[in-house]
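So the chains spell out like this:
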Amino acid sequence: MKAAMPWTRYVGDTLIVAITRGFLQLLRLLAAAVVLAVAAPCAAKPITISSPSGKVAATISDAGGVVSYTVWLDGAQVLAPSTVSVRSDGVILGRDAQFGKARTRTVNETYAFAGGKAKAVNRARFATIPLDTNGYHYSLDVHVADDGVGVRLRLPAKAGRKVEADLSTWRLPGDPAVWASPYDPGYEQPYKAATLSALGAEAYGLPLTAKVGGAYVTLSEAALVDYGDLAIKRQDGNRLAGFLPLDPKGWETGAEVVQPWRVTIVARDLTGLVNTTLVQNLNPPPTPALAKADWIAPGRSAWQWMAVGAPKYDDQQQWVDRTHALGFEYYLVDDGWAAWKDPWPSLTSVAAYARSKGVKIWLWVHSRDVVDPQARQAYFRRAAESGIVGVKVDFPEGANHQWSNWYRDVLRDAAAEHLLVDFHGAVKPTGMERTWPNELTREAVRGHEYHITRYHRRLEADHDVTLPFTRYVIGHGDYTPMVFDPKELQGDSWAHELAQAVVFTSPFLCFGGDPADYLDNPARDVISALPATWDETLVLPGSEPGKIAAFARRRGDAWFIGVLNGADPASLQIDLSFLGRGSWKMTRLADRPDKPDAFDRREEAVNAASSLPVRLSGRGGFVAWIRR
């Protein structure tokens, strides 16, 4: 027994020591787990938000410590996990974030819209998700509608905050076809077709449109105020990384930082794509006074710049008379009027004469004359007192975080004097026209000025047939369509030029050609009947970005068909079943292959059972005016 005791005690001691060491090791593992939990929060359960109809859904996740969202259309993924992120004061917000409880609400509204349809519909589910990154509290907003998804971060006010970079991304599934344009602060670069993997390393502008499976996806941003304009670069295969090209060093602010919405527009077909109002819906509504303002009126305008260059005072009455003869509401006096003798009194005289003819005058102004707030207000006051109803403001600086506010301030001060606005050389539209409906249009497009012989410039054949499904998806554009001078056609046909005025939407529809050419044209009656805005829009079968853009648009009881063709001759069979009951009179204006500066014009009766065979020349077009 005595011999056994040491051994027993030894075994016992050994057991006691082993248990103690195991317990200590367990404590160490538990401590390490606590440290890891603090350093990388446990992933929250993904949050799925669906549009009211259930057609579109967004899944919000913090997997891997990164706030991301995925977009689904009819249950199919159309946007792979993408991030929303801002770097501020050395902290990347949108990473290592803990989710709070989401607050949700339903949006259900309609409002008057000036563009391809009469009413905008804003039905969506809206969620705000509190976020916490290392003790810093901020919010993620998510808007999910049948036409797409918007996400943004909101950072509370903080004295001396430095906004350093925007790190948001979009990831498109697979390697889809895309239509993209190189980044340009004035947004006048052409769109080119490519696959996503073939995009170069350079910066691209928004919007970008992709064909993902059978769906169309357009990427852009909305509500650009007090923030820099966003560009994108392709990285890591299918990732489009955002950055702020005009604010490379960021900026300081003590105010709340509201990131512009990162927008993913989705559509089952091209009709759905071009009818989206998601970008506008993501902006605040106007004041009741502006919403009901009778001085805000879309219309068509003559314009002398592309036809003759700078305006001459001695022939202004002739320009007004021709504008009146066409039935147009507006005439734009462009750059050069300040060189007239006694320019302001002379301008007042032109405006008075125009008013006697039922024509209203717009005025060109350089942005440098309306940068300083006091100078801007004085300039607008004098313009209004001179009888001017609208201003075309040209050559603004690139939209960094300061100049993005300038657009809002111009619209506010113009509204105070009941002035309409057209921005040229401008940043892309981000829906500001909803809040400030006195913005009737802006350029931000490679328009007809790039198709003028005296500038030695010519638009590519695929340009016009790409724009309706890229740039025009996000808002109005001042293309200045329709030139009939044979030496300016440069490959286009008259039918193509006329169709531009149907396909390209601009509530201030400023025509680029000489009114004398319109008055002497076989399509004069059709030209005078063209409206500036529409009640309904359909994209017709056979349309394909970069190939053919075929649209049917309705205003009241009248329909217009406009077809733009690209480089190669083509044929379409247009079904008129959208007409509904009854008999209709149709004026059709088609290409004459042997003579581009002429129309094959025919008059015929049609109904909903009719089908139109249309033959299109390369760079050709087709227009039909159908009325009861």
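Residues numbered from 1 in each chain as written. Predicted model: local features only at pLDDT ≥ 70, side-chain atom pairs only at ≥ 80, totals over all residues. Heavy atoms only, no water.

Trainee: Break down the pairing of strand β37 (residues 621-627) for me, with residues and values.
Mentor: Two faces belong to every sheet, and in a regular strand the side chains alternate between them. Burial analysis of β37 places 7 of its 7 residues in the buried class, the great majority of the element. Because side chains alternate across β37, one face comprises the buried residues G621, V623, W625 and R627, and the other comprises F622, A624 and I626, equally buried. Two elements, strand β32 (residues 558-565) and β37, share 6 bridges in a ladder whose sense is antiparallel. Across the sheet, the residue bridging to F560 is W625, located in β37. (Buried < 20%, exposed > 50% of the residue type's maximum accessible area, 1.4 Å probe, protein only. Helix = DSSP H or I, 4+ residues; strand = E, 2+ residues; numbered from the N terminus. Pairing = 2+ DSSP bridges.)

Trainee: Can you tell me about the confidence of the model for the protein, naming the residues and giving the values?
Mentor: In this model, the protein carries an average pLDDT of 93, and 93% of its residues clear a pLDDT of 70 or more. Predicted confidence is poor over residues 1-41, with pLDDT under 50, and the contacts of this stretch with residues over four places away or in other chains come to 2 contacts. (pLDDT = per-residue confidence, 0-100. Contact = heavy atoms within 4.5 Å.)

Trainee: Which residues make up the packing of aromatic side chains, and what values go with them?
Mentor: Enumeration over the complete set of coordinates arrives at 27 aromatic pairs. For the ring pair Y183 and Y187, a centre distance of 5.8 Å and an interplane angle of 85 degrees mean the geometry is edge-to-face. For the pair shown, Y183 and Y187 are each scored as buried. Ring-pair connections join several aromatic residues into one group, and the members of that group are F328, F484, W494, F511, Y518 and F599. (Phe/Tyr/Trp six-rings, centres within 6.5 Å; stacked < 30°, edge-to-face > 60°.)

Trainee: I'd love a proper account of unusual backbone geometry, names of residues and values included.
Mentor: With an omega of 5 degrees, the peptide bond between L206 and P207 qualifies as cis. One non-glycine residue with positive phi stands out, namely H418, at about 55 degrees. Among the structural elements, H418 can be located in the loop between α9 (403-416) and β27 (420-423). With relative accessibility at 46%, the residue H418 sits in the partly exposed group. With a phi angle near 60 degrees, R619 is a residue other than glycine that sits in the positive phi range.

Trainee: Could you give me a rundown of the nonpolar core, with the residues and numbers involved?
Mentor: Counting residues in each nonpolar core, the largest one holds 110 residues, and the members touching the most others are L140, L172 and L208. In terms of residue count, the dominant contributor to this core is α9 (7 residues). Once residues within four sequence positions are removed from consideration, L208 is found in contact with L172, V178, W179, A180, L199, V217, T218, L219, I232 and L240. (Core = buried A, V, L, I, M, F, W, Y, C linked by side-chain atoms within 4.5 Å.)

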